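Each chain, letter by letter, is given below.
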Amino acid sequence: MESLQIRTLGCSKNTVDTEHVLAALQPYYEIVPEDVRDGRTDVVLINTCGFIGDAKEESIEAILEAVSQKSEGLIGRLFVFGCLSQRYPVELPESIPEVDGWFGARDFNPMLKALGVKNSYSEFACDSQRLLTTPPHYAYLKISEGCDRRCSYCAIPHIRGAHKSVPIGTLVAEAETLARSGVRELIVIAQDTTYYGLDLYHHRALARLLEKLCAIDGIEWIRIHYSYPESFPEDVLELMAREKKICPYMDIPLQHISDKVLSNMHRHSTGDEIRALIGKFCSKVPGIVLRTTLIVGHPGEGEEEFGQLLDFVREARFERLGAFIYSEEEGTWGAEHLEDSVPSEVKAARLDALMTLQAEISLSFNKSRVGTRERVIVDSFTDGTLVCRSRLESPDVDGEILVRPEGNVDPWSFVGEMIDVEITGADEYDLIARML
């Protein structure tokens with residue numbers, strides 16, 4: 001049996017695609033874990049990201065690294081799929097002919113056929129079979145594909161197509177399968193989770209889906225990512241307030257606060273509407289942790305608009321915040337109609353100022369938790385430390401809670417389990433705790 005490895009770049013939505021592909025290929029190939037690079041691998045697939053400049057560069061570097069390994073005889077055949085190859089279907093094969101096959105973001109059947117798999121998957125992302133690449137106690141649940149938004153800076157609708165919700169019954173069946181395999185935490189993801197259901201049910205159905213997921217035995221935590229602020233379904237907040245399985249955590253990319261910049265971005269919320277929505281989150285779900293992402297250096301962002309953004313961050317005091325420098329992406333409305341007028345050195349300085357401010361806010365929030373008791377899930381054990389998270393931390397994007405096991409215990413027995421700890425220390429991103 002030939003060996004096969006998938007190397008995944010980009011977001012957690014790509015991770016789910018990889019897991020579906022691996023499940024389809026497992027009967028035909030010996031699967032090599034992604035972090036293994038020793039020896040020869042017969043087939044390597046690279047699942048690429050093509051969202052912004054840095055992501056495209058990372059994907060191309062990964063492809064070229066694999067091409068080099070192929071020339072050394074460490075890789076037999078090399079295939080590339082995902083967002084980057086979807087976005088550049090002509091340019092990439094011409095530039096990198098050493099790759100044996102290029103496939104788009106949803107070209108699963110042609111790729112499976114090229115790999116000798118006879119099964120057909122017309123709705124591949126809806127299939128409940130997955131081979132998890134995350135730790136076995138948590139998994140991402142992708143509830144829709146594509147996006148109907150037309151934000152001026154974003155190429156995702158061009159790459160992934162229009163929004164398409166996965167039926168509730170299909171998602172519940174997939175979640176039940178994950179629960180039976182040992183998954184305890186579901187992280188609900190999509191390009192826009194709050195848009196879920198409009199195409200299938202003609203209303204926003206995220207709350208209805210979450211209620212069904214909460215009823216699944218074995219699932220203990222449910223976390224929501226990638227929500228859009230416009231027309232946010234308030235029944236989701238009402239459900240979060242009363243359903244303990246849903247973590248008091250919301251990932252809601254806001255991008256900016258200046259009305260001028262928001263208009264240039266083709267975002268359909270004003271600064272006042274965003275502030276009002278944050279107020280609803282905090283009043284309806286006391287103690288909620290908000291994670292957002294912001295863009296600096298977008299066309300139209302002068303010193304005044306950037307000052308408004310800094311003031312907003314000081315005011316809102318987001319517990320979690322990431323930021324990106326505006327990248328002009330071909331094919332987007334912004335690239336065609338707006339001048340990328342903010343100098344790169346100014347963009348970099350603004351990003352540094354924003355993240356310096358956020359580090360102070362994050363440190364203050366973390367220090368406020370010292371002395372509290374938390375229920376945490378243990379993700380891993382490394383360098384003598386249990387790496388944990390509470391309901392207020394999401395994997396990969398947030399800080400961690402680090403615990404030194406005490407006494408004569410087997411630390412590996414805690415991995416995947418929930419334990420009680422007391423927070424004893426804090427820095428800008430991580431917390432220190434002791435077991436209770």
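Criteria and thresholds
Residues numbered from 1 in each chain as written. Predicted model: local features only at pLDDT ≥ 70, side-chain atom pairs only at ≥ 80, totals over all residues. Heavy atoms only, no water. Salt bridge = Lys/Arg side-chain N within 4 Å of Asp/Glu carboxyl O. Helix = DSSP H or I, 4+ residues; strand = E, 2+ residues; numbered from the N terminus. Buried < 20%, exposed > 50% of the residue type's maximum accessible area, 1.4 Å probe, protein only. Patch = residues over 30% accessible without salt bridge, like charges linked within 9 Å, V, L, I, M, F, W, Y side chains within 5 Å. Areas by Shrake-Rupley, 256 points an atom, 1.4 Å probe, with all protein chains shown as cover. Lys, Arg positive; Asp, Glu negative; His and termini not counted. Charge placed at Lys NZ, Arg CZ, Asp CG, Glu CD. Core = buried A, V, L, I, M, F, W, Y, C linked by side-chain atoms within 4.5 Å. Contact = heavy atoms within 4.5 Å. Phe/Tyr/Trp six-rings, centres within 6.5 Å; stacked < 30°, edge-to-face > 60°. Pairing = 2+ DSSP bridges. Axes fitted to C-alpha atoms, helices over the stretch in contact; angles between N-to-C directions.

1. Focus on the pattern of salt bridges
No. 1: Tallied over the entire structure, the rule returns 40 salt bridges.
No. 2: A salt bridge links R350 to E301; the nearest nitrogen and oxygen atoms lie 2.8 Å apart. With R350 in helix α15 (residues 344–368) and E301 in the loop between β12 (289–296) and α13 (303–316), this pair connects stretches of sequence that are 49 residues apart. Pair check on accessibility: R350 and E301 agree, each one buried.

2. Considerations on a negative patch on the surface
No. 1: On the surface, a cluster of negative charge is made up of D54, E57, E58 and E61.
No. 2: When you line up the elements, E57 lands in helix α2 (residues 53–71).
No. 3: Taking relative accessible area as the criterion, E57 reaches 45% and is therefore assigned partly exposed.

3. Some details on the nonpolar core
What tends to happen in soluble globular proteins is that the nonpolar side chains get buried as a cluster.
No. 1: With 57 residues, the main nonpolar core has L210, L213 and M250 as its most contacted residues.
No. 2: Each residue touching M250, except ones within four places of it in the same chain, is listed here: I224, S227, F232, V236, M240, F281, I288, V289, L290 and R291.
No. 3: Judged by nonpolar contacts, the second largest core, of 17 residues, contains L22, L25, V43 and M111.

4. Considerations on the packing of aromatic side chains
No. 1: Scanning the model with the defined rule gives 5 aromatic pairs in all.
No. 2: Here F232 and F281 contribute two aromatic rings whose centre-to-centre distance is 5.0 Å and whose plane-to-plane angle is 85 degrees, an arrangement assigned as edge-to-face. Of this pair, F232 sits in the loop between β10 (221–224) and α10 (234–242) while F281 sits in helix α12 (residues 271–284), and the two are 49 residues apart along the sequence.
No. 3: Residue classification places F232 among the buried residues on the basis of a relative accessible area of 8%.
No. 4: Overall, the relative accessible area of 1% leaves F281 in the buried class.

5. Remarks on the sheet that holds strand β13 (residues 320–325)
No. 1: In space, the 6 strands of this open sheet follow the order β6-β9-β10-β11-β12-β13, with parallel pairing throughout. Only two strands of the sheet have a single partner each, and these edge strands are β6 (138–142) and β13. Across the sheet, the mean angle from the axis of one strand to that of its neighbour is 20 degrees, orientation sign disregarded.
No. 2: Summarising the sheet, β10 and strand β11 (residues 246–251) pair through 2 bridges and their orientation is parallel. Bridge pairing in β11 places I224 opposite M250.
No. 3: Here α13 sits on the sheet and contacts β12 and β13; the angle it forms with β12, its principal contact strand, is near 170 degrees.

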